[in-house]
Amino acid sequence: MADIETSTVSEEGYASTSQVGEFDLQIDATDETGPNPNATLVATYASCYLPALRVGGSQRGEEDLGKIQIDASADLDDDDDLESIAFDVHVEADLDDETAADIAERAEGICHVHSALREGLHADVSVYPGAF
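Residues numbered from 1 in each chain as written. Predicted model: local features only at pLDDT ≥ 70, side-chain atom pairs only at ≥ 80, totals over all residues. Heavy atoms only, no water.

Chemist: Whenever I open this one, the overall build of the protein confuses me. Can you help?
Modeler: Regarding its fold elements, the protein presents 3 helices and 6 strands. With the C-alpha coordinates aligned to their principal axes, the bounding extent of the protein is approximately 50 × 40 × 30 Å. Counting all 132 residues of the protein, 29% fall into the buried class. Of the contacts formed within the protein by residues at least 6 apart in sequence, a portion of 54% connects residues at least 24 apart. (Helix = DSSP H or I, 4+ residues; strand = E, 2+ residues; numbered from the N terminus. Buried < 20%, exposed > 50% of the residue type's maximum accessible area, 1.4 Å probe, protein only. Contact = heavy atoms within 4.5 Å.)

Chemist: How should I be thinking about the pattern of salt bridges in this particular structure?
Modeler: Side-chain pairs of opposite charge can arise whenever the charged atoms involved come near each other. Taken as a whole and judged by the stated rule, the model has 2 salt bridges. One salt bridge connects D102 with R60, and the closest N-O pair in it is separated by 3.4 Å. Here D102, found in helix α2 (residues 97–110), pairs with R60, found in the loop between α1 (37–59) and β4 (68–76); they are 42 residues apart in sequence, far enough to count as distant. Classification of D102 by relative accessible area gives partly exposed; the value is 22%. A salt bridge links D102 to R106, with the shortest nitrogen-to-oxygen separation between them at 2.8 Å. Residue D102 and its partner R106 are both found in helix α2; the two are separated by 4 residues, about one turn of the helix. (Salt bridge = Lys/Arg side-chain N within 4 Å of Asp/Glu carboxyl O.)

Right, dumping it as structure tokens:
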């Protein structure tokens, strides 16, 4: 048996519902009834990177990073394929630049979505400590 199993159904059109465990995830290629697949991938990447950042902080002795907000952006090529992804990471904790960079790098090694993406789509990460 696989570690992860999902089921995705579309009755008509470009919208689908994916059953992920006990959760329903609405995705629509036309952005009418839910986010499109590219937007969902970017949000999934950010939602994986954020807890990885907390673990990276803990590994560096920064147990309380406080509030964290990731503003993610992505560019598409002419075929509407993801071309680049960037994260602006706002961290409440007042970290020096070296610590922030080290934590961000550690998070890349921890984030499973980061590991799953081709290298050309790894997020360009900028961290802004003392943001809140």
